[in-house]
Structures are given as structure tokens and as C-alpha cells.
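Survey of secondary and tertiary structure
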Amino acid sequence: QVQLVESGGGLVQPGGSLRLSCAASRSIFVIKTMGWYRQAPGKERELVASITSGGSTNYADSVKGRFTISRDNAKKTVYLQMNSLNPEDTAVYYCNAELQSNHGGGRSWGQGTQVTVSS
């Protein structure tokens, strides 16, 4: 199990930038994968970006070239840098973590943070 605390959501104008943070209660070394999901009104929750313990990243096609996921092992934190935001990026963003199987496995979710892109 791992507890996740999110921050950084808010209101931003189109074309602007925002950085989301997700702090984990466990070392990132025992976490298999950390990622960001989002869910907009009337839409299904979708994977935005993920990063593995080995550093491999994955992005949704809709955010490639605009969003960057990264991590700080010492701070046990994963970040989502969002640039060139547009109204279609408006959603509740959720942090997710999956533990390594030899540390019990399982998934944890953050409480979600609202990102609103509007003029």
C-alpha cells in the first residue's frame, strides 16, 4: 500500500502551463509504475502518462509533445508538467501507483485534483 498526496491543480488560460505533483508515502524504488489519469465530464477515465521504476514512459497520443512525466526519487514524488494546455485538457487528474509484486503489489489512487483550462 502507498498513500498519494496530489497538488498543483487549478485554473489556467489556454496555452498556459501547469505542473502537478504526487508525493508517495513509499520509496519510488518499491513502486512498479506511477501514472496520471484524467476524467472529463461525460468521458471515460483515461491514462495520460506513466513512468516505471526503470524510467520508461508512456503518453496518451493527445498529450504527446505537450506533457512530460518525471520523478524525483529522493522526494518520492512524480510530476506531470503540462504545457500548451487547451480546454480539452480540462478534467480531474488522478495520481496512481502500483507496487512491485515483491512488495505486495496492489494499486493506490490519489484523491484527484481539478485542472481547468479556460479563458
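Provided above is the structure to which this section pertains.
Cut-offs used in this document
- Residues numbered from 1 in each chain as written.
- Predicted model: local features only at pLDDT ≥ 70, side-chain atom pairs only at ≥ 80, totals over all residues.
- Heavy atoms only, no water.
- Helix = DSSP H or I, 4+ residues; strand = E, 2+ residues; numbered from the N terminus.
- Rg over C-alpha atoms; globule rule 2.2 N^0.38 Å.
- Buried < 20%, exposed > 50% of the residue type's maximum accessible area, 1.4 Å probe, protein only.
- Contact = heavy atoms within 4.5 Å.
- Areas by Shrake-Rupley, 256 points an atom, 1.4 Å probe, with all protein chains shown as cover.
- Core = buried A, V, L, I, M, F, W, Y, C linked by side-chain atoms within 4.5 Å.
- Polar contact = N/O pair within 3.5 Å; in protein donor to acceptor, adjacent residues only side chain to side chain.
- 1 Å grid on protein atoms, 1.4 Å probe; cavity = no way out; pocket = protein on both sides within 12 Å on 5 of 7 lines; lining within 4 Å.
- Points joined across faces, edges and corners; volume = space filled by probe spheres on them.

Our next topic: the overall build of the chain. A tally of regular secondary structure across the chain gives zero helices and eleven strands. For 119 residues, the compact-globule estimate of 2.2 N^0.38 gives 14 Å, and the C-alpha radius of gyration of the chain, at 14 Å, lies within 12% of that figure. Overall size of the chain, expressed as C-alpha extent along the three principal axes, is 45 × 25 × 25 Å. Counting only residues that meet the buried cut, the chain has 44% of its 119 residues in that class. Here the contacts in the chain between residues at least 6 apart in sequence split such that 55% fall between residues at least 24 apart. A total of about 6100 Å² of accessible surface is found on the chain, and carbon and sulfur atoms cover 45% of it.

For the rest of this paragraph, the subject is the nonpolar core. Judged by nonpolar contacts, the single largest core of 32 residues is most densely connected at M34, W36, L80, M82 and Y93. For this core, the secondary structure elements donating two or more residues are β3 (18–24), β4 (31–39), β5 (46–52), β7 (67–72), β8 (77–82), β9 (91–99) and β11 (113–117). With five residues, the single largest contributor to this core is β9.

Turning next to the side chain of R38. Summarising the element assignment, R38 is placed in strand β4. Owing to a relative accessible area of 6%, R38 belongs among the buried residues under this scheme. At 3.0 Å, the side chain of R38 forms a polar contact with the side chain of D89. The residues contacting R38, other than those within four sequence positions of it, are E44, R45, E46, V48, S62, V63, F67, E88, D89, A91, V92 and Y93.

In this section: empty space enclosed by the protein. One pass over the full model with this rule turns up one cavity of 30 Å³ or more. Taken as a whole, the largest cavity encloses approximately 40 Å³ of empty space. Lining the largest cavity, in full, are I28, I31, K32, T33, M34, I51, T52, S53 and R71. Mapped by element, the contributors of at least two residues to the lining of the largest cavity are β4 and β5. In terms of residue count, β4 provides more of the lining of the largest cavity than any other element does, four residues in total.

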